[in-house]
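# An overview of the molecular structure
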Amino acid sequence: MDNKKEYACPEQQRVGCALAGIYTALSIEGVLPIMHSGPGCIHAISSVLSVANGGQNPVPYMESVVPSSNLSEAEVVFGASDKLKSVLEHSLQYYKAEIFMLVTGCSAEIIGEDVGEIAEQYTTPEKTVLHVALPGFKGNNVWGHHQVLSALIDGYVTEYGETEVVPKRVNVWGVVPHYDPMWVGTLEKLEALLRRIGLEPNIIYGPERGIDALKKIPTAEHNLVLAPWTDLDIAKKLERTFGTPFIHFPYMPIGPTAEAELIRTLTETFDLDPDLTETVRKERADRYFYYFDRNLVWLFDMHNQRSLPREFFANASASAALSITKYFVSDLGLSPRRIFIPEDVPKKHRKTVKKLFLETAGEYLTEEDIIFTDDGGLFEQYLKDVDQMVRKSAVIGSIWDDITAKKANMPFVSVCAPYGDVLVCDKQYFGTDGALTLMADLYNDAEKKGLVSAVV
């Protein structure tokens, strides 16, 4: 399929511009981004990654209180250094933070002023000022996420990080805050599991972490990347900088099969107590199958009667699509029809991502079935051309795909940005507990659309 023939311009925005990398900074307590950009930039990026993506707002600094130089035509023509210094001085005086991050958008980068020099000028032992360039013409919010992390590592962690390695401590990577609408709930459940099997997880995002967690990054025995490509470059950077090896577990585990694989991988890598980790694995699997048998086994009677789909499409981020494909194929026996990845995965990672999908579902997918694009509307166009039997499949994607699924009368589950104008709170699909929620969401949408008939 030639993606370029489908549309003259991309439709159905799934990512923000690079400037949306500030949401990674806003998810780390004690880090305050200061916008050096036009006055409308923060509003534009919030439309995809904030309220429209599961009712999220950054805490403690909401978009409305993030400082900004609000560049105008006058500053573009005559220079903006003095205005930026004024905003920074007031921010240092009135905001409670330890790291202040000067974030330059498109206009500021075009001007070409030395913002890095300003950052150095205002840095003190008590308060660090960093500069990170996030012009929208350089990349999307995932690229911006990596730039923010790189700036924190280079400008703060290398300077103030602790040095003594702590056995069984593990840094967790692969989740992009706010872009993944369920990031908070997922990280909470993941942290609980890692502690249960005898590890000490170090997670920098979310409540009661922040600066202290940043300082602990060099002390980890390993870095753990739970994504097909996101944060791989960060793990490699940390390996070069601090000598910390990393584990690439390419999907966030959903369901008993993937969760067991993660537990066994960590048991071998960290030499954990195998009796303990096997006990934990079995307890969690037993709980999953209790609820599966109690609530869901009759659903699969319907599945066998073809009242529910046996196949599915994905139009989602690589991380969400791969994680759910693993669960659907390994635990539910559903087969993928085609995978659309509308997040503009860098070309250097695409071969790896395709390989991971083929390893997970190669019985059903070919390389041509895995489509990288920056056009979220490509899937809708494709669906118009497939036969009616295929259109009985399920759909996983963003709230954009809910519209497409409704038109085709297909069950749908929202799994990635933009998630929709609903409250996600601490919802997550992680592990065995999250898998039950995912399956219930799929069934409930099918029932709501009248696609489930009673079995008698």
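Described in the following lines is the structure provided in the data block. (Residues numbered from 1 in each chain as written. Predicted model: local features only at pLDDT ≥ 70, side-chain atom pairs only at ≥ 80, totals over all residues. Heavy atoms only, no water.)

### Details of the pairing of strand β8 (residues 311-315)
Successive residues of a regular strand alternate their side chains across the two faces of the sheet. β8 sits mainly inside the fold: four of its five residues count as buried. Taken together, the five bridges between β8 and strand β9 (residues 335-341) define a ladder with parallel strand orientation. Bridge pairing in β9 places A314 opposite I339. (Buried < 20%, exposed > 50% of the residue type's maximum accessible area, 1.4 Å probe, protein only. Helix = DSSP H or I, 4+ residues; strand = E, 2+ residues; numbered from the N terminus. Pairing = 2+ DSSP bridges.)

### Examining the environment of E63
Tracing the chain through its elements places E63 in the loop between α2 (41-49) and α3 (73-78). The exposure class assigned to E63 is buried, which follows from its relative accessible area of 13%. Separated by 13 residues in the primary sequence, E63 and S50 place their C-alpha atoms 9.1 Å from one another. Those residues in contact with E63 that sit more than four places away from it in its chain are Y23, I42, S46, S50, N57 and P58. (Contact = heavy atoms within 4.5 Å.)

### Considerations on the sheet that holds strand β1 (residues 31-36)
What the three strands build is an open sheet, ordered β1-β2-β3; its pairing is parallel. Looking at which strands have only one partner, the edges of the open sheet turn out to be β1 and β3 (128-133). Adjacent strand axes in the sheet meet at a mean angle of 25 degrees, parallel and antiparallel pairs treated alike. Pairing analysis gives six bridges linking β1 to strand β2 (residues 99-104), with the strands arranged parallel. Bridge pairing links P33 to M101 in β2. (Axes fitted to C-alpha atoms, helices over the stretch in contact; angles between N-to-C directions.)

### Description of the packing of aromatic side chains
Scanning the entire structure with this criterion turns up 13 aromatic pairs. Look at Y290 and Y291: their rings are 5.0 Å apart centre to centre, the planes differ by 80 degrees, and that puts the pair in the edge-to-face class. Using a relative accessible area of 48% as the deciding quantity, one classes Y290 as partly exposed. Taking the centre distance of 6.0 Å and the plane angle of 40 degrees together, the rings of Y327 and F328 count as tilted. Accessibility classification places Y327 together with F328 in one group, the buried group. Among the aromatic residues, those joined into a cluster by ring pairs are F313, F340, F379 and Y382. (Phe/Tyr/Trp six-rings, centres within 6.5 Å; stacked < 30°, edge-to-face > 60°.)

### Side note on the pattern of salt bridges
Pairing is possible between side chains that carry opposite charge, provided their charged atoms lie close to one another. The full count for this structure, using the stated rule, is 20 salt bridges. Its salt-bridge partner being K237, residue D154 comes within 3.0 Å of it at the nearest N-O pair. In this pair, D154 sits in helix α7 (residues 141-160) while K237 sits in helix α10 (residues 232-242), placing the two residues 83 residues apart along the sequence. Notably, a salt bridge pairs K348 with D233, separated by 3.0 Å at the nearest N-O pair. On the criterion of sequence distance, the pair formed by K348 in helix α14 (residues 347-361) and D233 in helix α10 is long-range, its members being 115 residues apart. Owing to a relative accessible area of 58%, K348 belongs among the exposed residues under this scheme. (Salt bridge = Lys/Arg side-chain N within 4 Å of Asp/Glu carboxyl O.)

### A look at α2
Since there are 3.6 residues in each turn of an α-helix, residues three or four apart along the chain are aligned in direction. Restricting attention to buried positions, one finds in α2 the residues I42, I45, S46, V48 and L49. End-on view of α2: buried residues confined to an arc of 160 degrees, all on one side of the axis. As for α2, its buried residues are in contact with α1 (22-26), β1 and α7. (Arc of directions from axis to C-beta.)

### Concerning a nonpolar patch on the surface
A contiguous nonpolar surface patch, about 240 Å² in accessible area, is contributed by I399, W400 and I403. For W400, the location among the structural elements is in helix α16 (residues 399-408). With a relative accessible area of 34%, W400 lands in the partly exposed category. (Patch = residues over 30% accessible without salt bridge, like charges linked within 9 Å, V, L, I, M, F, W, Y side chains within 5 Å. Areas by Shrake-Rupley, 256 points an atom, 1.4 Å probe, with all protein chains shown as cover.)

### Regarding the pairing of β2
Of all six residues in β2, six are buried; the element is thus mostly enclosed. The alternating pattern of β2 places I99, M101 and V103 and F100, L102 and T104 on opposite faces, both of which are buried. As judged from the six bridges shared by β2 and β3, these two strands associate in the parallel manner. Bridge pairing in β3 places V103 opposite V132.

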